[in-house]
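# Structural overview for review
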Amino acid sequence: MSNNNFENFRIVSDMVDTLTDSDIRKIAGLINKKINQGEKIFNLTIGDFNPKVFPVPNEYMNEVFNAYKERHTNYPPIVGEPELRKTLSKFISDREHLDYSPDEFIVGGGGRPLIFTYFISCVNPDETVVFPVPSWNNNYYAHIVKSKMVIIETSPENNFMPLADSIKPFIKDASLIAMCSPLNPTGTVLQKENLNLLCDLILEENQRRKKANIKPVYLMYDQIYWLLTYKNYKHYNPVSINPEMRKYTLFVDGMSKYFAGTGLRVGWGFADDEVITKMKALFSHMGAFPPKPEQIAASRFLANKEWVDSYIDNFKQEVSKRLFSFYEGFLKLKSKGYKVNAIEPQAAIYLTVQFDLIGLKKPDGKIIQSTEDITNYLIDDAKVGLVPFSAFGSYNNPTWYRLSVGTCTHEEVSEILYNLENSLSKLS
Ligand SMILES: Cc1ncc(COP(=O)(O)O)c(C=O)c1O
């Protein structure tokens, strides 16, 4: 049947029809096309790893193989292997001093199904989700649940982290506040004092709601990069800061980032028994759990402190070496008069950089007029792919970018900086 029959009406729900693919993936697609055509492009766009540069821990891999050999091939329990949930409970108790029982965890196929579950569970259509930008994918999840969005623009002065005061005017209408620290795309962390103020806001609002018998506002706290902090920067969580936040905090975490295990798809969420229990039926219908052998392997790996510590020590060293080399390189370029800038790396696998190039003339005589022009010039001339903050929903900062080091070797850093300087020097 010809598609023409469907020209004037939608063949899927309005929500799905209007849901778009992530802008990050679009830029990555453009770069991959060039790479497939034989061009050498340094692709620093993706929040993923080159497994040859950053392999998952050997012990974790071996345990995956072992679990398959042991034929753990039937259904895992819907909310996750009991052994893994027990290990996770101890893992966060040992490392974050958080007290959550194994029943307060849901294990998912990466962090995403938990984010999906939290949005659907906390937000009715037309209710409000508040989130800062730049941030990762909140706009898409808000679209899926048909919520209103309150978007908080942040600025370089605050390392692109939202201040509690900027959320205050919107708290009365919010069903969910979506926060992430360390933050993708910026590689910066929420400061303790600021998080403390945010907790106060939420607790005060929920006291009011309790009296009025109104559903509380929840804080989704995505800490999927939390083991990766550098120098004196620390990761804080709302519940350690204020134990009363236990009732209202929905954690997202997983093996994807700090064990470079994006393809193994083991993530988890944890939250107070009362609220997470309500979400288990929804999760069971989604069926978004990781394969049983991966769950068993994750449990065996996480239970071994020595394996975890030695991997994380080395991983942090390797990632931070690249981040700081880039950072220092950008400062050098800035000191030479190029219109670039960068924020000191604090966490995760990202560096926040600025290419303040709008208004400059390219070698072909054309003027750089937009974020898209900057992105394309860097790809075409410097052969370097970066993601603009606009792809993370921020339109107030058109010259700021995320640089991801998950696919690059340390040796490549100087080559990339050389290419960038060469391209910047051609602008007038
Ligand atoms: C902040 C953040 N949360 C969650 C995820 C999802 O992780 P997963 O691959 O485990 O689903 C990502 C992935 O990029 C992320 O950056």
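What you are looking at is a predicted structure, and each value in this text was computed from that prediction instead of being measured.

### Some details on helix α12 (residues 305-335)
Taking 1.5 Å of rise per residue, the 31 residues of α12 would be expected to cover 45 Å, and the 44 Å separating its terminal C-alpha atoms lies within 8% of that figure. Downstream of α12 by a residue or two, Gly337 has a phi angle that is positive, lying close to 100 degrees.

### Section: the environment of Ala297
Positionally, Ala297 belongs in helix α11 (residues 292-302). For Ala297, a relative accessible area of 0% translates into the label buried. Each C-alpha atom, one on Ala297 and one on Thr154, is 40 Å from the other, the two residues being 143 residues apart in sequence. Sequence-distant contacts of Ala297, defined by excluding residues within four places in its chain, comprise Tyr60, Glu63 and Val64.

### A few points about the site of the ligand
The immediate surroundings of the ligand are formed by 13 residues, with Gly111, Asn184, Asp222, Ser256 and Lys257 found nearest. Here a nitrogen atom of the ligand sits 2.5 Å away from a polar atom, N or O, in the side chain of Asp222. One of the side-chain nitrogen or oxygen atoms of Lys257 is found 2.8 Å away from an oxygen atom of the ligand. When the free accessible area of the ligand is taken as 390 Å², the share hidden by the protein chains comes to 97%. Split by residue class, the shell around the ligand holds 5 nonpolar, 4 polar and 4 charged.

### Quick word on the sheet that holds strand β4 (residues 148-153)
The strand order β2-β8-β7-β6-β5-β3-β4 describes an open sheet built from 7 strands, whose pairing is mixed. Edge positions in the sheet fall to β2 (105-108) and β4, since each has one partner strand and no second. When strand polarity is set aside, the average angle formed by the axes of neighbouring strands in this sheet is 20 degrees. Of the strand pairs in this sheet, strand β3 (residues 128-133) and strand β5 (residues 174-180) are connected by 3 bridges, and their pairing is parallel. When the bridges of β5 are listed, Val129 appears paired with Leu176. Set on the sheet, helix α10 (residues 273-286) makes contact with β2, β6 (218-222), β7 (249-254) and β8 (267-271); between it and β2 the angle comes to about 35 degrees.

### Quick notes on the pattern of salt bridges
Considering all chains together, one arrives at 25 salt bridges under this definition. Salt-bridge contacts for Asp17 lead to Arg10; the nearest nitrogen and oxygen are separated by 2.8 Å. The class for Arg10 is partly exposed, based on a relative accessible area of 43%. One salt bridge connects Lys426 with Asp381, and the closest N-O pair in it is separated by 2.9 Å. In this pair, Lys426 is assigned in the segment after α14 (410-425) and Asp381 in helix α13 (residues 371-382), connecting sequence segments 45 residues apart. Take Lys426: its relative accessible area is 36%, and that puts it in the partly exposed class. One salt-bridge network, held together by shared partners, links Lys34, Glu39, Asp380 and Lys383.

### Describing helix α8 (residues 192-212)
In a regular helix each residue adds 1.5 Å, so 21 residues correspond to 30 Å; α8 covers 30 Å between its end C-alpha atoms and thus fits that length. Restricting attention to buried positions, one finds in α8 the residues Asn194, Leu195, Leu198, Cys199, Leu201, Ile202, Leu203, Glu205, Asn206 and Arg209. Just past α8, the residue Asn213 takes up positive phi, approximately 60 degrees.

### A closer look at the domain arrangement of the protein
Domains assigned within the protein are domain 1 (3-39 + 310-425) and domain 2 (58-308). Here the C-alpha centroids of domain 1 and domain 2 sit 26 Å apart. On the domain 2 side, the residues contacting the 36 residues of domain 1 number 36 residues. Applying the counting criterion to the domain 1 and domain 2 interface returns 1 salt bridge. Across the contact surface, domain 1 and domain 2 share 26 residue pairs in polar contact (both at pLDDT 80 or more). Among the elements of the structure, α1 (14-18), α2 (23-36), α12, β10 (350-355) and β13 (400-404) are those that each provide at least two residues to the side of domain 1 that touches domain 2. Take the side of domain 1 that touches domain 2: its biggest share by element is 9 residues, from α12.

### Description of the sheet that holds β13
Pairing in this open sheet of 4 strands is antiparallel, and the strands run β9-β10-β13-β12 from one edge to the other. Each edge of the open sheet carries a strand with a single partner, namely β9 (340-342) and β12 (387-388). Of the strand pairs in this sheet, β10 and β13 are connected by 5 bridges, and their pairing is antiparallel. The residue bridging Tyr350 from the neighbouring strand is Ser404, located in β13.

### Structural notes on the side chain of Glu63
With respect to the helices, strands and loops of the structure, Glu63 is situated in helix α3 (residues 58-69). The class for Glu63 is buried, based on a relative accessible area of 13%. Beyond its immediate stretch of four places on either side in the chain, Glu63 contacts Ala297, Arg300 and Trp307.

### Here we look at the nonpolar core
Judged by nonpolar contacts, the single largest core of 136 residues is most densely connected at Tyr60, Phe119, Ile177, Leu302, Phe326, Phe330 and Phe355. No other element matches α12, which puts 11 residues into this core. Both of domain 1 (3-39 + 310-425) and domain 2 (58-308) provide at least three residues apiece to this core. The contact partners of Phe326, leaving out residues within four places of it in the chain, are Leu44, Leu351, Leu403, Val405, Cys408, Val413, Ile416 and Leu417.

### Structural notes on the side chain of Lys292
With respect to the helices and strands, Lys292 occurs in helix α11. Here Lys292 is buried and forms no salt bridge, its nearest opposite-charge partner Glu81 lying at an N-O distance of 4.0 Å. Here Lys292 is in contact with His72, Asn74, Tyr75, Pro76 and Glu81, once residues within four sequence places are set aside.

Parameters and conventions
Residues numbered from 1 in each chain as written. Predicted model: local features only at pLDDT ≥ 70, side-chain atom pairs only at ≥ 80, totals over all residues. Heavy atoms only, no water. Helix = DSSP H or I, 4+ residues; strand = E, 2+ residues; numbered from the N terminus. Expected span 1.5 Å × (residues − 1). Buried < 20%, exposed > 50% of the residue type's maximum accessible area, 1.4 Å probe, protein only. Contact = heavy atoms within 4.5 Å. Near = heavy atom within 4 Å. Polar contact = N/O pair within 3.5 Å; in protein donor to acceptor, adjacent residues only side chain to side chain. Areas by Shrake-Rupley, 256 points an atom, 1.4 Å probe, with all protein chains shown as cover. Nonpolar A, V, L, I, M, F, W, Y, C, P; charged D, E, K, R; others polar. Pairing = 2+ DSSP bridges. Axes fitted to C-alpha atoms, helices over the stretch in contact; angles between N-to-C directions. Salt bridge = Lys/Arg side-chain N within 4 Å of Asp/Glu carboxyl O. Domains from an automatic or database assignment. Core = buried A, V, L, I, M, F, W, Y, C linked by side-chain atoms within 4.5 Å. Lys, Arg positive; Asp, Glu negative; His and termini not counted.

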